[in-house]
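Here's the letter readout for the chains.
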Amino acid sequence: MIIAILALFFTVVFSGFLVKVFPPHNTKWLKMALAFSGAYLFTITIIHLLPDVLMESNGSGYGVGYWVLAGFFLQLVLEIFSHGVEHGHIHHHDHGRVGSMPFLLLGSLFVHSFLEGSILVEQRYPAVAGHAHGGDSFYLVLLGVTLHHIPAAFALMSVLLFRLENFKKAFLWLLIFALGSPLGIIFSNTVLAQEAPNGLIYTALTGLVAGNFLHISTTILFETSPDHRFNRNKLVATLLGLVLALISDFI
């Protein structure tokens, strides 16, 4: 649990400092990172999250489908307020005027991040019978969330910096997003510690996050080639994300 908390918190913190290295208007590297993380996130959702939550559901797989749908459309609602920052959108004109705080943006990203952290309960995964690499799923999902948070934190920091015109103030507000997933982890590992791994709450949370991931990853993959033109670099980044997820499943 401690490793996951530190990894997710400091990933956002370090990614916030990337605005000092890469100008926000230069998004070439960001598109590559998005393609890579989107492919990885989509793959682990298909080969880990969905099979895990279906096996945890004690045969009530149809119920899981409703939670996945709820997660998919919940993310659609959250993006009304976040304007797609969680998948790397940096459109300053969408986030209000200079000098004001985008509270709805921060709130939606916090909810998004909290939910992602809430499914990272290490003891759940070995309990899933029939999964050859059950214990490793925790770390595969953790890596997926971590990779996803890099471009998201960079995009959020870019928007905050534009709005506040002060790096220190922007960085302090970025910490709200940085704390989202760690607080989700703490919540699930303490408040829900007595909840059965195949109980309704964990099934609902995992289904919600699986739907959430499906929405984000497919949006990323479609948006990296909106005009459907061949782009070798994006294709390579996408394939690398896919291969990493598949290889990790057999290690």
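Notes on the structure in this doc start here. (Residues numbered from 1 in each chain as written. Predicted model: local features only at pLDDT ≥ 70, side-chain atom pairs only at ≥ 80, totals over all residues. Heavy atoms only, no water.)

## A closer look at the overall build of the chain
Thinking step 1. For the chain, the count of helices and strands is eight helices and zero strands.
Thinking step 2. Moving toward the C terminus, one meets the helices and strands of the chain in the order α-α-α-α-α-α-α-α.
Thinking step 3. When burial is assessed residue by residue, the chain has 50% of its 251 residues classed as buried.
Thinking step 4. Within the chain, counting contacts between residues at least 6 apart in sequence, those at least 24 apart form 82% of the total.
Thinking step 5. Per element, the accessible surface of the chain, about 11600 Å² overall, is 72% carbon and sulfur. (Helix = DSSP H or I, 4+ residues; strand = E, 2+ residues; numbered from the N terminus. Buried < 20%, exposed > 50% of the residue type's maximum accessible area, 1.4 Å probe, protein only. Contact = heavy atoms within 4.5 Å. Areas by Shrake-Rupley, 256 points an atom, 1.4 Å probe, with all protein chains shown as cover.)

## Some details on unusual backbone geometry
Thinking step 1. Unlike most non-glycine residues, H83 shows phi in positive territory, near 55 degrees.
Thinking step 2. Position of H83 among the secondary structure elements: in the loop between α3 (61–82) and α4 (103–118).
Thinking step 3. By relative accessible area, H83 is classed as partly exposed at 30%.
Thinking step 4. Positive phi outside glycine occurs at E165, with the angle close to 55 degrees.

## Observations concerning the packing of aromatic side chains
Thinking step 1. The full count for this structure, using the stated rule, is 12 aromatic pairs.
Thinking step 2. Where F17 meets F171, the ring centres are 5.2 Å apart and the plane angle is 50 degrees; that geometry is what we call tilted. Of the two residues, F17 sits in the loop between α1 (2–16) and α2 (28–56) while F171 sits in helix α6 (residues 167–190), which places them 154 residues apart along the sequence.
Thinking step 3. Centroid distance F103 to W173: 5.6 Å. Interplanar angle 80 degrees. Geometry classified as edge-to-face. With F103 in helix α4 and W173 in helix α6, this pair connects stretches of sequence that are 70 residues apart. (Phe/Tyr/Trp six-rings, centres within 6.5 Å; stacked < 30°, edge-to-face > 60°.)

## Some points on the environment of V145
Thinking step 1. Its location among the elements puts V145 in helix α5 (residues 134–164).
Thinking step 2. Along the backbone, V145 and A7 are 138 residues apart, and their C-alpha atoms lie at a distance of 9.9 Å.
Thinking step 3. Setting aside chain neighbours within four positions, we find V145 in contact with L8, L41, E116, S181 and F213.

## Some words on the packing of α4 against helix α7 (residues 200–223)
Thinking step 1. The interhelical angle for the contact between α4 and α7, taken along N-to-C directions, is 125 degrees, at an axis separation of 9 Å. When the axes of α4 and α7 are compared, the pair comes out oblique. Along this stretch, α4 crosses α7, giving a crossing that reads as left-handed. When α4 is examined against α7, the residues H112, L115, E116 and S118 are found in contact with a partner set consisting of L205, V209, N212, F213 and I216.
Thinking step 2. Among the residues making up the contact of α4 with α7, the classes are represented as five nonpolar, three polar and one charged. (Axes fitted to C-alpha atoms, helices over the stretch in contact; angles between N-to-C directions. Parallel < 35°, antiparallel > 145°, perpendicular 65-115°, else oblique. Left-handed = near helix turned anticlockwise from the far one by under 90°. Nonpolar A, V, L, I, M, F, W, Y, C, P; charged D, E, K, R; others polar.)

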